[in-house]
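# Chains, contacts and geometry: an overview
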Amino acid sequence: SSGINAEYGDAKTDEYINYDKTGNEEYEDSKEVVDKIQDALKCCGVHGIETYTDNTTWVKKHGDELVPASCCDDVETGYCNSTTAAVNDVGCLDKVADTLSDNVGLIVGISLGFILIQIIGVCLGCVLCQRIARDGYKEV
């Protein structure tokens, strides 16, 4: 779990920090991803609302009380006030790690299923090659 935390935290912190940079398609995509993660997992920021409220660039632009609307339960678009709205104050890093940990059995099972299908396909291909080599190629 700590490995997941380190990887996700390092990779996603920039996307959360650059949340409100507009005019650049890369940042618009990041904003959409961050909003979907925050909305689906009911979380806010990497480690909590502090990802926004403790960031000097964010505070200069929005103040230290505003967070993205996707952090709040009762606001659909724009930003919400973290002191008056129902804010999901758990960080997304912990939520993602917990979600992956909770579903590790399912992830492993599906992966093993795909691997098994591939192995069966290779075996059937070898059998077919063997029969063609043994019987020769016959046109129908």
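One structure accompanies this document, and this report is about it. (Residues numbered from 1 in each chain as written. Predicted model: local features only at pLDDT ≥ 70, side-chain atom pairs only at ≥ 80, totals over all residues. Heavy atoms only, no water.)

### Focus: the overall build of the protein
- Summing up its helical and strand segments, the protein has six helices and two strands in all.
- Along the chain direction, N to C, the helices and strands of the protein fall in the order α-α-α-α-β-β-α-α.
- Within the protein, contacts between residues at least 6 apart in sequence are counted, and of these 50% link residues at least 24 apart. (Helix = DSSP H or I, 4+ residues; strand = E, 2+ residues; numbered from the N terminus. Contact = heavy atoms within 4.5 Å.)

### A short note on the packing of aromatic side chains
- In this structure the tally under the stated criterion is two aromatic pairs.
- With 4.8 Å between their ring centres and 50 degrees between their planes, Y52 and W58 make a pair best called tilted. Taken individually, Y52 and W58 each receive the classification buried, so the pair is uniform in this respect.
- On the basis of relative accessibility, which here comes to 2%, the residue W58 falls in the buried class.
- Each residue in the set Y52, W58 and Y79 is aromatic and connected to the rest through ring pairs, giving one cluster. (Phe/Tyr/Trp six-rings, centres within 6.5 Å; stacked < 30°, edge-to-face > 60°. Buried < 20%, exposed > 50% of the residue type's maximum accessible area, 1.4 Å probe, protein only.)

### Observations regarding the state of the cysteines
- Taken as a whole and assessed by the stated rule, the structure comprises three disulfides.
- Each sulfur of the disulfide joining C43 and C92 lies 2.0 Å from the other. When the S-S torsion is 95 degrees, as for the bridge of C43 with C92, the disulfide is right-handed. Residue C43 is found in the loop between α2 (25-41) and α3 (50-53), and its partner C92 is found in helix α5 (residues 92-102); the two are separated by 49 residues along the sequence.
- Of the residues examined, C92 reaches a relative accessible area of 0% and is grouped as buried.
- Disulfide pairing is shown between C72 and C80; the S-S distance is 1.6 Å. Across the disulfide from C72 to C80, rotation about the S-S bond amounts to roughly 50 degrees, and the bridge is consequently right-handed. With respect to class, C72 is no different from C80; both count as buried.
- Look at the protein and number its bonded cysteines as they come in the sequence; the links are 1-6, 2-3, 4-5.
- Free cysteine C129: the closest other cysteine sulfur is in C126, separated by 6.5 Å.
- For C129, a relative accessible area of 53% gives the class exposed. (Disulfide = S-S within 2.5 Å.)

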